[in-house]
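Breakdown of the fold
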Amino acid sequence: MGKDKLKLKSIMTRDEAAAYLETILVGLRQGSLILDSEERPLILRPSDSIEAELEIKQKSDKEKVEVKLSWAPNRMQPLTHLVAQADSPADDAAKKKMN
C-alpha cells in the first residue's frame, strides 16, 4: 500500500466544522471513512482498536483542540469453507468421493 495524504486547512463556520466532524464520526461508526481529495478519494478503514490523542490549548488570543486518531488497518481475513456441524451420511460419502 502506498502513502496517501489529505490535509485540510480552512476557515469554516462553527456549524460547518461540526458537520465535517460529524461526517468523520459516521465513518468511524460504520468502519469506513471516505474523504475526498483533489486527486482521488482517500478511503480509510478504522480497526476496532484506535489510539486517541487529545490536546487542548488556551492562550489569551487563541484556543485550540487537536484530536489525533490512529490505527492499524483491518486485515482482510481469507475466506474459509463453512462446514455444517451435523453432516448427513450422504454428505460424508460425497466428501470421500471428492477427496
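The structure displayed is predicted, hence computed values, not measured ones.

**A word on the overall build of the protein**
Secondary structure summary: the protein contains two helices and four strands in total. When the elements of the protein are put in sequence order from the N terminus, they spell out α-β-β-β-β-α. Counting only residues that meet the buried cut, the protein has 6% of its 99 residues in that class. Contacts in the protein between residues far apart in sequence, at least 24 positions, make up 30% of those at least 6 positions apart. Split by element, the accessible area of the protein, about 10,000 Å² in all, is 54% carbon and sulfur.

**Some details on the pairing of strand β3 (residues 51–58)**
With zero of its eight residues buried, β3 lies for the most part at the surface. Note that β3 and strand β4 (residues 63–70) share eight bridges and pair antiparallel. Across the sheet, Glu51 pairs through a bridge with Ser70, a residue of β4.

**Structural notes on the pattern of salt bridges**
Overall, the coordinates contain two salt bridges when judged by the stated rule. We note a salt bridge from Lys57 to Glu55, for which the minimum N-O separation is 3.3 Å. Judged by relative accessible area, Lys57 falls into the partly exposed class, the value being 37%. Between Lys64 and Glu66 there is a salt bridge; the shortest N-O distance is 3.0 Å.

**Quick word on the environment of Glu63**
Positionally, Glu63 belongs in strand β4. Residue contacts for Glu63: discarding those within four places in its chain leaves Lys57 and Gln58. Only 2.8 Å separates the side chain of Glu63 from the side chain of Gln58, close enough to count as a polar contact.

**Some points on a nonpolar patch on the surface**
A surface patch of nonpolar side chains, amounting to about 580 Å² of accessible area, comprises Ile50, Leu54, Ile56, Val65, Val67 and Leu69. Secondary-structure elements contributing two or more residues to the nonpolar patch are β3 and β4. At three residues, the largest contribution of residues to the nonpolar patch is made by β4.

**Section: a positive patch on the surface**
On the surface, a cluster of positive charge is made up of Lys3, Lys5, Lys7, Lys9, Lys59 and Lys62. Mapped onto the fold, Lys9 is located in the segment before α1 (14–30). The exposed category is assigned to Lys9, whose relative accessible area is 83%.

**Comments concerning α1**
In this model α1 runs 24 Å from its N-terminal to its C-terminal C-alpha over 17 residues, within 8% of the 24 Å that 1.5 Å per residue would give. A positive phi of about 85 degrees marks Gly31, the residue just after α1.

**Remarks on the confidence of the model for the protein**
A low pLDDT score tells you not to read the predicted coordinates there in detail. Looking at the protein as a whole, the pLDDT averages 79, with 71% of positions reaching at least 70. Ranking the elements of the protein by mean pLDDT puts helix α2 (residues 89–98) last, at 51, and β3 first, at 96. Note on residues 77–88: pLDDT is under 50 here. Beyond four places in sequence and across chains, it has three contacts.

Conventions we followed
- Residues numbered from 1 in each chain as written.
- Predicted model: local features only at pLDDT ≥ 70, side-chain atom pairs only at ≥ 80, totals over all residues.
- Heavy atoms only, no water.
- Helix = DSSP H or I, 4+ residues; strand = E, 2+ residues; numbered from the N terminus.
- Buried < 20%, exposed > 50% of the residue type's maximum accessible area, 1.4 Å probe, protein only.
- Contact = heavy atoms within 4.5 Å.
- Areas by Shrake-Rupley, 256 points an atom, 1.4 Å probe, with all protein chains shown as cover.
- Pairing = 2+ DSSP bridges.
- Salt bridge = Lys/Arg side-chain N within 4 Å of Asp/Glu carboxyl O.
- Polar contact = N/O pair within 3.5 Å; in protein donor to acceptor, adjacent residues only side chain to side chain.
- Patch = residues over 30% accessible without salt bridge, like charges linked within 9 Å, V, L, I, M, F, W, Y side chains within 5 Å.
- Lys, Arg positive; Asp, Glu negative; His and termini not counted.
- Charge placed at Lys NZ, Arg CZ, Asp CG, Glu CD.
- Expected span 1.5 Å × (residues − 1).
- pLDDT = per-residue confidence, 0-100.

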